[in-house]
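Fold and geometry: a report
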Amino acid sequence: MEIKSSISAVSHIHTLAASFLQDKLATKGLADFVSSHGNILFQLNTNGSMTMKEIARRINRDKSTTTVLIRKLEKEGFIKRESDGNDRRNTIITLTEKGKNYNEQTAEISKELLQTFYKDFTEVEKLEFCRLLEKVVGNFEES
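Figured I'd write up the structure that's included with this text. Just so you know, these numbers come straight off a predicted model, no measurement behind them.

Take the pattern of salt bridges next. Working definition: two side chains of opposite charge can pair if their charged atoms are close together. A full pass over the atoms with the stated rule returns six salt bridges. With a closest N to O distance of 3.5 Å, Glu 97 and Lys 100 form a salt bridge. Placement of both Glu 97 and Lys 100 in helix α5 (residues 97-117) is noted, with a separation of three residues, approximately one turn of the helix. On the basis of relative accessibility, which here comes to 37%, the residue Lys 100 falls in the partly exposed class. The residue Glu 128 makes a salt bridge to Arg 131 at a minimum N-O spacing of 2.7 Å. Taken together, the residues Glu 128 and Arg 131, both in helix α6 (residues 123-142) and three residues apart, mark about one turn of the helix. You can call Glu 128 partly exposed: its relative accessible area is 34%.

Of all five residues in strand β3 (residues 91-95), four are buried, a share of seventy percent or more. Of the pairings in the sheet, the one linking strand β1 (residues 50-51) to β3 comprises two bridges and is antiparallel in character. In the sheet register, Met 50 faces β3, and the bridge partner there is Ile 93. In terms of strand pairing, strand β2 (residues 79-83) meets β3 through five bridges, oriented antiparallel. Counterpart to Ile 79 in the pairing with β3 is Leu 95.

According to the stated counting rule, one finds six aromatic pairs in the structure shown. With a centroid separation of 5.7 Å and an interplanar angle of 55 degrees, the aromatic rings of Phe 117 and Phe 129 are classed as tilted. Of this pair, Phe 117 sits in helix α5 while Phe 129 sits in helix α6, and the two are 12 residues apart along the sequence. Its relative accessible area of 31% is what places Phe 117 among the partly exposed residues. Judged by its relative accessible area of 25%, Phe 129 is partly exposed.

What follows deals with the packing of helix α1 (residues 6-27) against α5. For the pair α1 and α5, interaxial distance at closest approach is 10 Å and the crossing angle is 140 degrees. When the axis of α1 is compared with that of α5, the two are oblique. Between α1 and α5 lies a crossing whose hand is right-handed. Facing α1, whose interface residues are Ile 13, Ala 17, Phe 20, Leu 21, Lys 24 and Leu 25, α5 presents Tyr 102, Thr 106, Ile 109, Glu 112, Leu 113, Thr 116 and Phe 117. Here the contact of α1 with α5 is composed, by residue class, of nine nonpolar, two polar and two charged.

Of all the positions in helix α3 (residues 52-59), only Met 52, Ile 55, Ala 56 and Ile 59 are classed as buried. One side of α3 carries all its buried residues, which in axial view fall inside an arc of 100 degrees. The exposed residues of α3 that point more than 90 degrees off its buried face are Lys 53 and Arg 57. Those residues of α3 that are buried lie in contact with α2 (35-47), β1, α4 (63-75) and β3. At the C-terminal side of α3, Asn 60 shows a positive phi close to 60 degrees.

Procedures and definitions
- The numbers attached to residues start from 1 for each chain and follow its sequence in the written order.
- In view of the model being predicted, local features appear only for residues whose pLDDT reaches at least 70, and side-chain atom pairs are presented and counted only at 80 or more, with totals across whole chains, interfaces and linings using the full set of residues.
- With hydrogens and water set aside, each side-chain value is computed from the structure's full complement of heavy atoms.
- Here, a salt bridge means any Lys or Arg side-chain nitrogen found within 4 Å of an Asp or Glu carboxyl oxygen.
- Helix and strand definitions follow DSSP, with helices as H or I runs of at least four residues and strands as E runs of at least two, each counted in order from the N terminus.
- With a 1.4 Å probe rolled over the protein chains alone, any residue whose accessible area is under 20% of its type maximum counts as buried; one over 50% counts as exposed, and the rest are partly exposed.
- Strand pairing requires that DSSP identify at least two bridges connecting the strands.
- Aromatic pairs are defined between Phe, Tyr and Trp rings, using the six-membered ring for Trp, whenever the two ring centres lie within 6.5 Å; interplanar angles under 30 degrees are classed as stacked, those over 60 as edge-to-face, and all others as tilted.
- Every angle, taken between N-to-C directions, lies between 0 and 180 degrees, and every axis is a line fitted to C-alpha atoms, over only the stretch in contact when it is a helix.
- We call two directions roughly parallel when the angle between them is under 35 degrees, roughly antiparallel when it is over 145, roughly perpendicular when it lies between 65 and 115, and oblique otherwise.
- It is the rotation of the near helix from the far one that decides the hand of a crossing: anticlockwise by less than a right angle makes it left-handed, clockwise makes it right-handed.
- Any pair of residues with heavy atoms lying within 4.5 Å of one another is described as a contacting pair.
- Amino acid classes used here: Ala, Val, Leu, Ile, Met, Phe, Trp, Tyr, Cys and Pro are nonpolar; Asp, Glu, Lys and Arg are charged; the rest, including Gly, are polar.
- Starting at the helix axis, one direction is taken to each C-beta atom, and the arc is that of these directions.

Structure (structure tokens):
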């Protein structure tokens, strides 16, 4: 691979990983979700209750896009919204039992994704790859 095609390769990997996830989700009857829906549920599972603003920041989406994603998750019964008792302008988002169950189901899919992603990598290569990715992220965050 040429150095100038590295960003194209990253984009291609993203597309392949998204297709892998969509295929696996379809086998579990969750085909109408996009990766951002899963990311929201993952963030809530990891961090507990969060405000809309926190979720938008964590999934790297604007507030209006996040609102649309949250509405679908709420309609499907994966999350619930509540007003913040301390500040009524904030909405607190929390996982429901259905949302927690989703995260349990997708944990195995995530494991399969990582196994596919790192197939034939040594532990040293995995660590070095992650270090280099963090460096790239840092480059963009600094600019």
